[in-house]
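Listed below are the residues making up each chain.
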Amino acid sequence: MSADVRPIAESELPEWLGAVNTGFLRPDRVTGSDLAHRAKHIDFARTLGAFDASTGRCVATFRTFAQELTVPGGARVPASAVTNVTVLPTHRRRGLLTRMMADALAAARERGDVVSTLIAAEYPIYGRYGYGPAAPVVEWEIDVSRAGLDPRWSGPADGGRIELVDAAAAREIGPALHEELRAVLPGAVGRDDRWWRLSTGLEQLSGRPYKERFHAVYRTAQGEPAGLVAYASDDHWTDAKVPLNTVQVKDLIAVTPQAQRALWHFLCSIDWVRKVRTGFRAADDLVTQLLPDPRAAAVVTASDFLWVRVLDVVRALGARTYAVPGVLVLEVADPSGMAAGRYRLDAGTGECEVTREPADLRLDASALGSLYLGDESAVRLGALGRIVEERPGALALAEAVFRTARRPWCPDIF
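Residues numbered from 1 in each chain as written. Predicted model: local features only at pLDDT ≥ 70, side-chain atom pairs only at ≥ 80, totals over all residues. Heavy atoms only, no water.

(A) Representation of the packing of helix α1 (residues 13–23) against helix α2 (residues 32–41). The N-to-C vectors of α1 and α2 enclose an angle of 100 degrees; their axes lie 11 Å apart at closest approach. With respect to each other, α1 and α2 are oriented roughly perpendicular. Here L13, P14 and L17 of α1 lie close against α2, whose contacting residues are L35, R38 and A39. Here the contact of α1 with α2 is built from residues that sort into five nonpolar, no polar and one charged. (Axes fitted to C-alpha atoms, helices over the stretch in contact; angles between N-to-C directions. Helix = DSSP H or I, 4+ residues; strand = E, 2+ residues; numbered from the N terminus. Parallel < 35°, antiparallel > 145°, perpendicular 65-115°, else oblique. Contact = heavy atoms within 4.5 Å. Nonpolar A, V, L, I, M, F, W, Y, C, P; charged D, E, K, R; others polar.)

Next comes the structure, spelled out in structure tokens:
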């Protein structure tokens, strides 16, 4: 059966949202308030649907939106963020995702986007479209009783303080803190006003009930905010009236190590709390080493998270900085043609250009995406056969050039 792949009209949004809900195994009913809310924030030119030719029904969905991605060195590159990707179970294996992806990537390159980003629900899908896992996440569960912290803890020892605030104050304080964090955090993306309104309950989406959160700010000795945490708690007690509550961290921004230490110690000091779930953090987050007994923090999730697809190699490699100087000639294979070519990267000057010089390394677009933010090892990819070394020593040089001292992290799902 054939299908028509095209941007949807505003009148088709209810059916499109119903298909999104079905694809994500949610009830397909779309409320009027949800429809009105979504319509305000969707760019219909970037919202694709596949419509079955025989029935006219929307059977697959795909949407992109404008995003900025922080890269090593602090530069921000324009990105096309992919979301709402579904294909109905009745229409799988018919090339619908491939057609929508091809249209979206071509449009992104035409707009001048440097990369495309997504968070993959399933691992095997996106490598074949040139995406590579670029920034992983880890979640820990802290057993407070084993952490070794003083249960009488009454505040930071550095002269700062912890202050409980309401959602309105969190909306006021949070954006500036996040901007300061993402200025130095490879993998971070922007948060607009809508993000803060949704995360603090000022706006709500149907089918996703908002649970009230607590908010706490860390202020320096000078009174300046340097950290913010949003968290919730369950209400679990034994029959013998012993509290077994778990705090779930929803968001924690810390722009200094002192703020991070103070906020994690605060969370572990709340009365009646036996466990703290950290939420998705950077793979090398400091949280475990801020506990006297790091074994009190057990890994509950360790997974890929942000995936990157390079669209413009010259601009992408020229935007980030590199740990050591050196020259590498990369030959990139890309069936779509977008990233395909041979490129000379001078890591000392940060300049990248198309070249005809012999290749030092051969790799595909997916491997380049994995290298881009500095998390993946070039040597490891070489051992896996995903990078081929043409000049002896080139893999070792790429390892030193691309890797970053701290691992990239994207704090946000989209």
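(B) View of empty space enclosed by the protein. In the structure shown here, the tally under the stated rule is one cavity of 30 Å³ or more. Taken as a whole, the largest cavity holds about 80 Å³ of empty space. Forming the walls of the largest cavity are A170, W195, W196, S199, T200, R213, H215, L228, V229, A230 and D251. Secondary-structure elements contributing two or more residues to the lining of the largest cavity are α5 (193–199) and β9 (225–233). Here the lining of the largest cavity is built from residues that sort into six nonpolar, three polar and two charged. (1 Å grid on protein atoms, 1.4 Å probe; cavity = no way out; pocket = protein on both sides within 12 Å on 5 of 7 lines; lining within 4 Å. Points joined across faces, edges and corners; volume = space filled by probe spheres on them.)

(C) Focus on the pattern of salt bridges. Across all of its chains, the model carries 29 salt bridges by this definition. Residue E141 is joined to K275 by a salt bridge in which the shortest nitrogen-to-oxygen separation is 3.9 Å. Residue E141 is found in strand β6 (residues 132–143), and its partner K275 is found in strand β11 (residues 273–277); the two are separated by 134 residues along the sequence. Taking relative accessible area as the criterion, K275 reaches 29% and is therefore assigned partly exposed. (Salt bridge = Lys/Arg side-chain N within 4 Å of Asp/Glu carboxyl O. Buried < 20%, exposed > 50% of the residue type's maximum accessible area, 1.4 Å probe, protein only.)

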